[in-house]
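# Commentary on secondary and tertiary structure
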Amino acid sequence: MTLMSYIADTIFYVWDFIVWGEAAKIWAFPHLNAKLRRTRWNMYRYGLKAVKDYIKLRTLRSGSVQWYSTRRIAIKSSLDVLNPLQSLGYNDLNGGQIGLIGVVTSCISIFDDFNK
């Protein structure tokens, strides 16, 4: 599962690089529809991370420090997947709801960084 996450991250970064090149007018690949594919891979990688962390939660002892840390990461990944889903039209959350989800995930990240 971890290898699948790394592969999904790598493929997303390749699509991100292609989209960057198109936006910077370095090259053009109009037939690739790179923005849509980048958004799909972003959805896949967040989904894989969420599933991986939820599976990991089942193997950890409930109430341990590592369990709480993994739970925060799983919740963050589960919320992060909603942004690309909204961009692809798979849910109908409005901008305020997506912004609130972004604030929650940012607060989780700040909490984790502060505890290190």
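If you're wondering where the values come from, they're calculated on a predicted model, not measured in any experiment.

Parameters and conventions
Residues numbered from 1 in each chain as written. Predicted model: local features only at pLDDT ≥ 70, side-chain atom pairs only at ≥ 80, totals over all residues. Heavy atoms only, no water. Salt bridge = Lys/Arg side-chain N within 4 Å of Asp/Glu carboxyl O. Helix = DSSP H or I, 4+ residues; strand = E, 2+ residues; numbered from the N terminus. Buried < 20%, exposed > 50% of the residue type's maximum accessible area, 1.4 Å probe, protein only. Core = buried A, V, L, I, M, F, W, Y, C linked by side-chain atoms within 4.5 Å. Contact = heavy atoms within 4.5 Å. Expected span 1.5 Å × (residues − 1). Arc of directions from axis to C-beta.

## Concerning the pattern of salt bridges
Any two side chains of opposite charge can pair, so long as their charged atoms come close to each other. Across all of its chains, the model carries 5 salt bridges by this definition. In this structure, Arg-45 and Asp-9 form a salt bridge, with 3.1 Å as the shortest nitrogen-oxygen distance. One end of the pair, Arg-45, is in helix α2 (residues 34-59); the other, Asp-9, is in helix α1 (residues 2-23), and 36 residues separate them in sequence. Residue Arg-45 is classed as buried on the basis of its relative accessible area, which comes to 9%.

## Some thoughts on the environment of Val-51
With respect to the secondary-structure elements, Val-51 resides in helix α2. Judged by relative accessible area, which is 40%, Val-51 ranks as partly exposed. Once the C-alpha coordinates of Val-51 and Met-1 are considered, the two residues, 50 residues apart in sequence, prove to be 8.7 Å apart.

## Let's talk about the nonpolar core
By size, the foremost hydrophobic cluster in this structure holds 5 residues: Met-43, Tyr-46, Val-81, Leu-85 and Leu-88. If you list the elements that add at least two residues to this core, you get α2 and α4 (82-88). Excluding its chain neighbours within four sequence positions, the residues that come into contact with Leu-85 are Met-43, Tyr-90 and Asn-91.

## Things to note about unusual backbone geometry
The phi torsion of most residues other than glycine is negative, and most of the peptide bonds are trans. At Lys-25, a position not held by glycine, the phi torsion is positive, near 60°. Position of Lys-25 among the secondary structure elements: in the loop between α1 and α2. Among the residues examined, Lys-25 registers a relative accessible area of 73% and is labelled exposed. Backbone geometry at Asn-33 places phi at a positive 55°, although glycine is not the residue there. By the element assignment, Asn-33 lies in the loop between α1 and α2.

## Examining the environment of Val-19
On the secondary structure map, Val-19 appears in helix α1. For Val-19, a relative accessible area of 7% gives the class buried. For the pair Val-19 and Leu-48, spaced 29 residues apart in the sequence, the C-alpha separation amounts to 22 Å.

## A short note on α1
Compared with an ideal rise of 1.5 Å per residue, which puts 22 residues at 32 Å, α1 spans 31 Å between its outermost C-alpha atoms and is within 8% of the ideal. Taken residue by residue, α1 has Ser-5, Ala-8, Asp-9, Phe-12, Trp-15, Ile-18, Val-19 and Gly-21 as its buried positions.

## Details of helix α3 (residues 65-80)
With 16 residues, α3 extends 23 Å between its outermost C-alpha atoms, agreeing within 8% with the 22 Å of an ideal straight helix rising 1.5 Å per residue. Every buried residue of α3 is accounted for by Trp-67, Thr-70, Ala-74, Ser-77 and Asp-80. All buried residues of α3 project into a common sector of 155° when viewed along the axis, lining one side. Those residues of α3 hidden inside the fold are in contact with α2, α4 and α5 (95-115).

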